[in-house]
Amino acid sequence: MIPRVVVAAPASGHGKTTVATGLLAAFAARGTRVAPFKVGPDYIDPGYHALAAGRPGRNLDPVMVGEDTVAPLFAHGAAGADLAVVEGVMGLYDGRVGGGDTGSTAHVARLLDAPIVLVVDAAAQGRSVAALVHGFRSFGDARIAGVILNRVGSDRHESLLRDACEEVGTPVFGALRRADAVAAPSRHLGLVPAAERHAEALASVAALTALIAASVDLDAIHAVARSAPPLAAAPWSPAAPDPVPGCPVVAVAGGAAFSFGYAETVELLAGAGAEVVTVDPLRDEALPAGTRGLVVGGGFPEVYAAELSANAALRDAVAGLAATGAPIVAECAGLLWLCRTLDGAPMCGVLDADAAMTPRLTLGYRDAVALADSPLAATGTRLTGHEFHRTAVHPRSGLLLSPAGAAAWAWRGGDPEGFAAPGLHASYLHLHWAGRPDIARRVVAAAGYNDHHD
């Protein structure tokens, strides 16, 4: 039995992250053990959740991992917690384009059999808020337990809004006034990650704790969470049935420049038999001792291009590791770091390609097929990933480098993308390995083989 509540909204920008992070922090301050979750592929919000909750923020994305895996992942991430708070994505019923509400907050709420608290930006609304709330309650099958009103202007405004919600029988669990102290700065891909502004993020979380504690009926929210029925799902496990012997060392990039990663990736690597060690390309001048494989996730190398370029010792070490045939798996930010240059600054030079910022946002799920064998996947492997970037790599894929070159992926509506070789996989496509645990086993096995044949 895991008390749980989903924080949703009519659309993006209504204050889901403010409320979800504030609830996590306020309950944690009361001594409640809270588990944070985020619907969809977003990496940034879970960073703020983790600061508030004191444990990893995790993602629940049925498009990436399959809907049958969502409840087990939730049970795994909520183990030992007294309360789980799940922040939604976009509007309540907004799912994958062309897929109805698949991947939406409503979809995940159904999979978790969880009640929903709707956050409504009421700054420019009066009694009409009743029509909005009534519409969301009557459309679809989402179980909306009540609302939290955000950006309320005055006591009189709050009274008007509460009366309107009462007209349609919807409880109001809280009303938040406008508060600049809780705002997080934004950049070209959304909020600035907590890992890049740790002290300021901690101050924001502290302000959120006070705001939510003073403005929201926490006891009522906890009661709603306890109304969720028992969840019939065995916790997901990252342990491989046949872990690789020898504990090969697999380095995973971290730090401010590479802060995009799912907690399950490291858990799966360890479960497959690896000794997982973090390397921070902004600080560390060498790979961890004994490194036999490297995994580089997403982040913002374009923001730190000068610093990454200045770390020539580590760049050379990565190029040297690639030359040994050790498995290197990189996605998005990792792809950029492996290029010859990024916005003109020298990078690792593992790929004979150059990367640069562009004004165009590339965003969306991709149903991809692997075009060549690599440490990540065998030729013909099919899976769903997610793209999210404002950069471009030239050439776009390994196919364009030489007649013998290979691309990582192909998907409908796009040219082949990424770079694949026996010891290398580099692509823009973000993956959630919990949907394909065999990926981790494959990477660690390649590292173990490299260790054995070093």
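Every chain begins its residue count from 1, and numbering advances along the sequence as written. Residue-level local features of this predicted model are given only where pLDDT is at least 70; pairs of side-chain atoms are given and counted only at 80 or more, and the full residue set underlies all totals for whole chains, interfaces and linings. Heavy atoms throughout the structure, all of them, feed into the side-chain values; hydrogens and water do not.

**Section: the sheet that holds strand β5 (residues 116-121)**
Moving on, step 1. In this description, strands pair whenever DSSP reports at least two bridges between them. Strands are runs of DSSP state E lasting at least two residues, helices are runs of H or I lasting at least four, and both sets are numbered from the N terminus onward. Taken in spatial order, the 7 strands of this open sheet run β3-β2-β4-β1-β5-β6-β7, and their pairing is parallel. The open sheet is flanked by β3 (58-60) and β7 (172-177), the only strands paired with a single partner. The sheet shows a mean angle of 25° between the axes of neighbouring strands, direction not considered.
Moving on, step 2. Relative to strand β4 (residues 83-87), strand β1 (residues 4-8) is paired through 4 bridges, and the arrangement is parallel. For Val6, the partnering residue across the bridge sits in β4 and is Val86. Comment: axis = line fitted to C-alpha atoms, over the contacting stretch for helices; angle = value between 0 and 180 degrees taken between N-to-C directions.

**A few points about helix α9 (residues 218-226)**
An α-helix turns once every 3.6 residues. As a result, residues three or four positions apart point the same way.
Moving on, step 1. A 1.4 Å probe rolled over the protein chains alone gives each residue an accessible area, and that area as a share of the maximum for its type sets the label: buried under 20%, exposed over 50%, partly exposed in between. Among the residues of α9, those classed as buried are Leu218, Ile221, His222, Val224 and Ala225. The arc enclosing the buried residues of α9, seen along the axis, measures out at 155°, which places them on a common side.
Moving on, step 2. Polar contact is the term for a pair of N or O atoms within 3.5 Å; when the atoms are in protein, one must be able to donate a hydrogen and the other to accept it, and sequence-neighboring residues count only if both atoms are side-chain atoms. By the N-cap criterion, in which a side-chain oxygen at the helix start approaches the backbone nitrogen of a residue two or three places on, α9 is capped by Asp217, the distance to Asp219 being 3.3 Å. What the arc describes is the spread of directions from the helix axis to the C-beta atoms.

**What to know about the sheet that holds strand β10 (residues 249-253)**
Moving on, step 1. The sheet built from 6 strands is open, its strands ordered β11-β10-β12-β13-β20-β19 with mixed pairing. Strands with a single pairing partner mark the edges of an open sheet, and in this sheet they are β11 (275-279) and β19 (419-421). For this sheet, the mean angle separating the axes of adjacent strands, direction not counted, is 15°.
Moving on, step 2. In this structure, strand β12 (residues 291-296) lies alongside strand β13 (residues 328-331), joined through 3 bridges in parallel fashion. The residue bridging Val296 from the neighbouring strand is Ala330, located in β13.
Moving on, step 3. Only heavy atoms enter the contact rule, under which two residues are in contact if any of them lie within 4.5 Å. On top of the sheet, helix α12 (residues 312-323) reaches β11, β12 and β13; it is set at about 110° to β12, its chief contact.

**A look at helix α8 (residues 198-215)**
Moving on, step 1. Given a helix with a known number of residues, its expected span is that number minus one, times 1.5 Å. In this model, α8 (18 residues) spans 25 Å end to end at C-alpha, consistent with the 26 Å of a helix rising 1.5 Å per residue.
Moving on, step 2. Listed as buried for α8 are Ala201, Ser204, Val205, Leu208, Thr209, Leu211, Ile212 and Ser215.
Moving on, step 3. Residues of α8 that are buried in the fold lie against α1 (16-29), α2 (44-53), β7 and α9.

**Some thoughts on the pairing of β10**
Looking down a regular strand, the side chains alternate between one sheet face and the other.
Moving on, step 1. With 5 of 5 residues buried, β10 lies mostly within the body of the structure.
Moving on, step 2. Where burial is concerned, the two faces of β10 agree: the one with Val249, Ala251 and Ala253 and the one with Val250 and Val252 are both buried.
Moving on, step 3. Pairing of β10 with β11, which is carried by 5 bridges, proceeds in the parallel orientation. Bridge pairing in β11 places Val249 opposite Glu275.

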